[in-house]
Amino acid sequence: TAAASGGFAGMFDEGGYIPAGQWGITGEYGPEISLGPTNIVGREKTMKMFEQASQQGTPSGGVVVQQENHFHFKNAETSPEMVNELSQVVRRITYDVLANEQRAGGMFNG
């Protein structure tokens, strides 16, 4: 529909930039909507970055994940404790996904 296509910035398998107020399609297992403003690192470039990091090594012997979370709540009271708890949940999920992708056939194991 015209409403759905309004602000459509394109498909981003190879990476790119989605401007503010626009949206694009990303995703390694199927279509995911990403809202701008955001930079998308393409699937192939992401894999090359992980490969380089694992070859160079890190203090822990793996990939370093630097994650920044921004939470925006409409009509809700928040506290530093609530934001911290949400950040911990997102961090735990991120590490679970990374661990799962090390399985045979996963993103890190071909």
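Structure shown above.
Residues numbered from 1 in each chain as written. Predicted model: local features only at pLDDT ≥ 70, side-chain atom pairs only at ≥ 80, totals over all residues. Heavy atoms only, no water.

Engineer: Help me out: how do you make sense of the packing of aromatic side chains in this one?
Structural biologist: Ring pairs (aromatic) are described by centroid distance and by the angle formed between their planes. According to the stated counting rule, one finds one aromatic pair in the structure shown. A centroid spacing of 4.8 Å and a plane angle of 55 degrees characterise the contact between Phe 8 and Trp 23, whose relative ring orientation is tilted. Highlighted residues: Phe 8 in strand β1 (residues 8–11) and Trp 23 in strand β3 (residues 23–26), separated in sequence by 15 residues. A relative accessible area of 39% places Phe 8 in the partly exposed class. (Phe/Tyr/Trp six-rings, centres within 6.5 Å; stacked < 30°, edge-to-face > 60°. Helix = DSSP H or I, 4+ residues; strand = E, 2+ residues; numbered from the N terminus. Buried < 20%, exposed > 50% of the residue type's maximum accessible area, 1.4 Å probe, protein only.)

Engineer: Honestly, unusual backbone geometry in this entry has me stumped. Any pointers?
Structural biologist: The phi torsion of most residues other than glycine is negative, and most of the peptide bonds are trans. Residue Pro 37 follows Gly 36 across a cis peptide bond; omega there is 5 degrees. Here Pro 37 shows up in the loop between β4 (32–35) and β5 (38–41).

Engineer: Explanation requested: the environment of Gly 27 in the structure shown.
Structural biologist: One can find Gly 27 in the loop between β3 and β4. The exposure class assigned to Gly 27 is partly exposed, which follows from its relative accessible area of 37%. In the structure, Gly 27 is positioned 15 residues away from Phe 12 in sequence and 8.4 Å away in space, judged by C-alpha atoms.

Engineer: Is there a simple way to think about the sheet that holds β3 in this case?
Structural biologist: What holds strands together in a sheet is hydrogen bonding between their backbones, with the strands either parallel or antiparallel. Strand order in the open sheet formed by three strands is β1-β3-β4, and the pairing between neighbours is mixed. Two strands in the sheet have a free side with no partner beyond their single neighbour: β1 and β4. Between one strand axis and the next, the sheet turns through 25 degrees on average, direction left out of account. As paired strands, β3 and β4 are joined by four bridges and run antiparallel to one another. Bridge pairing links Gly 24 to Ser 34 in β4. (Pairing = 2+ DSSP bridges. Axes fitted to C-alpha atoms, helices over the stretch in contact; angles between N-to-C directions.)

Engineer: How should I be thinking about the side chain of Thr 26 in this particular structure?
Structural biologist: Note on placement: Thr 26 falls in strand β3. With relative accessibility at 12%, the residue Thr 26 sits in the buried group. Within the structure, Thr 26 has its side chain in polar contact with the side chain of Ser 34 (distance 2.7 Å). Contact partners of Thr 26, with chain neighbours within four places excluded, come to Phe 12, Pro 31, Glu 32, Ser 34 and Ile 40. (Polar contact = N/O pair within 3.5 Å; in protein donor to acceptor, adjacent residues only side chain to side chain. Contact = heavy atoms within 4.5 Å.)

Engineer: Before we go on, may I ask you to explain a nonpolar patch on the surface in this structure?
Structural biologist: Taken together, the side chains of Phe 73, Met 82 and Leu 86 present a nonpolar region at the surface, about 210 Å² in accessible area. Classification of Phe 73 by relative accessible area gives partly exposed; the value is 33%. (Patch = residues over 30% accessible without salt bridge, like charges linked within 9 Å, V, L, I, M, F, W, Y side chains within 5 Å. Areas by Shrake-Rupley, 256 points an atom, 1.4 Å probe, with all protein chains shown as cover. Salt bridge = Lys/Arg side-chain N within 4 Å of Asp/Glu carboxyl O.)

Engineer: Please clarify how the pairing of β3 should be interpreted in this entry.
Structural biologist: Regular strands have side chains that alternate between both faces of the sheet. Residues of β3 alternate between two faces, with Trp 23 and Ile 25 on one and Gly 24 and Thr 26 on the opposite face, all of them buried. The pairing of β1 with β3 spans three bridges and is classified as parallel. Looking across to β3, one finds that Gly 10 is bridged to Gly 24.

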